[in-house]
Amino acid sequence: MPIELKFSYRKRGDGINRWVFWTQHNGDELNQVKSLFPVLRGYEFEPWKQPPVEMQGDSTQPDTNGDSQLNRLTIKNLVELLDVQGTCLIQFWAPIRINSGKTFLTTADQPFAFNGKIHEGLWAYRRVSLLTIASVDSTEIDETKRVHVHGRPARVFRSGMPEFSPHVRYYYMDEYPLRNFAMCLGVGSYWTLPVFESSGDRCIGVLEYAFEANVGLDLYSTLDRLINNHRILKTMGLALIPSWLACSQEVNSPHYAFLYKQVKS
């Protein structure tokens, strides 16, 4: 049964169109996904919690803030405000945990956006993403269910490091099981970014950008927008850059300015 979506539209200050879509009732898409995967059937979803953080020595301490999970309004505002140029799909992968102890990423019931225009191929890619879950607990790919395995969001979630590619064709199939399918749908450049709590210490989701194939992205533009979006997320109590990599003071340091100058030249 088709699931009803709500949407909003606005034209950004730079003249770029932005559409944001979300489900009317939370749980509609997730229940549909649950019915598709035997690994999810018969289990109940639990609030996702970050695994315990390893402390000094061999001891561990429970992560008391690990149960923080972004609500749909925050995600809606996030995909609406992100700085991006070119026709693309923006979607968020959220962790879910079943009471068997396994954790997966899903984009079901998460607001998503189209930037520039509503692209038929990118809309189809969104539908495929809804039929996909990514195991956070294992790096193994199920050879019998390639279409249902989504390697990149889980890989970025586990590592806390972003992935950028000028075109999805540069991925190996075991890195990106949906590569050929994405290319047929007109996906070109590709970003996957971890989203952290404001401290930059805990990854709580993954942002995925799938760009139309004829959109060309240069390294300078990618770095510039990464930092702009990091600043946007900071106003929402979130972060795109992990605490060990950079802080707000470092973003404005001469070292970054020198890097930009070298890349731009």
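Residues numbered from 1 in each chain as written. Predicted model: local features only at pLDDT ≥ 70, side-chain atom pairs only at ≥ 80, totals over all residues. Heavy atoms only, no water.

## Let's talk about the environment of Leu81
Right, on to step 1. Its location among the elements puts Leu81 in helix H2 (residues 72–81).
Right, on to step 2. For Leu81, a relative accessible area of 40% translates into the label partly exposed.
Right, on to step 3. Residues Leu81 and Asn229, spaced 148 residues apart in sequence, show a C-alpha to C-alpha distance of 8.5 Å.
Right, on to step 4. Beyond its immediate sequence surroundings of up to four residues, Leu81 is in contact with Arg10, Arg12, Arg18 and Ile232. (Helix = DSSP H or I, 4+ residues; strand = E, 2+ residues; numbered from the N terminus. Buried < 20%, exposed > 50% of the residue type's maximum accessible area, 1.4 Å probe, protein only. Contact = heavy atoms within 4.5 Å.)

## Describing the confidence of the model for the protein
Right, on to step 1. Taken over all residues, the pLDDT of the protein has a mean of 77, while the share at 70 or more is 72%.
Right, on to step 2. Element-level mean pLDDT values for the protein span from 28 in strand E5 (residues 60–61) up to 96 in strand E8 (residues 112–115).
Right, on to step 3. Taken as a whole, residues 51–68 scores under 50 in pLDDT and shows 22 contacts with residues more than four places along the chain or in a different chain.
Right, on to step 4. Here residues 139–149 is a poorly scored stretch, pLDDT under 50, and it has 21 contacts once near neighbours within four places are set aside; other chains count. (pLDDT = per-residue confidence, 0-100.)

## Overview of the pairing of strand E1 (residues 5–11)
Right, on to step 1. Where E1 lies against strand E2 (residues 17–23), seven bridges are found, and the strand directions are antiparallel. By the bridge assignment, Leu5 is partnered in E2 with Thr23.
Right, on to step 2. Counted between consecutive antiparallel strands, the loop separating E1 from E2 contains five residues, among which Gly15 sits at a positive phi close to 85°. (Pairing = 2+ DSSP bridges.)

## Let's talk about helix H3 (residues 120–130)
Right, on to step 1. When you tally the buried positions in H3, you get eight out of 11 residues, the bulk of the element.
Right, on to step 2. Along H3, the positions that sit buried rather than exposed are Gly121, Leu122, Ala124, Tyr125, Arg126, Val128, Ser129 and Leu130.

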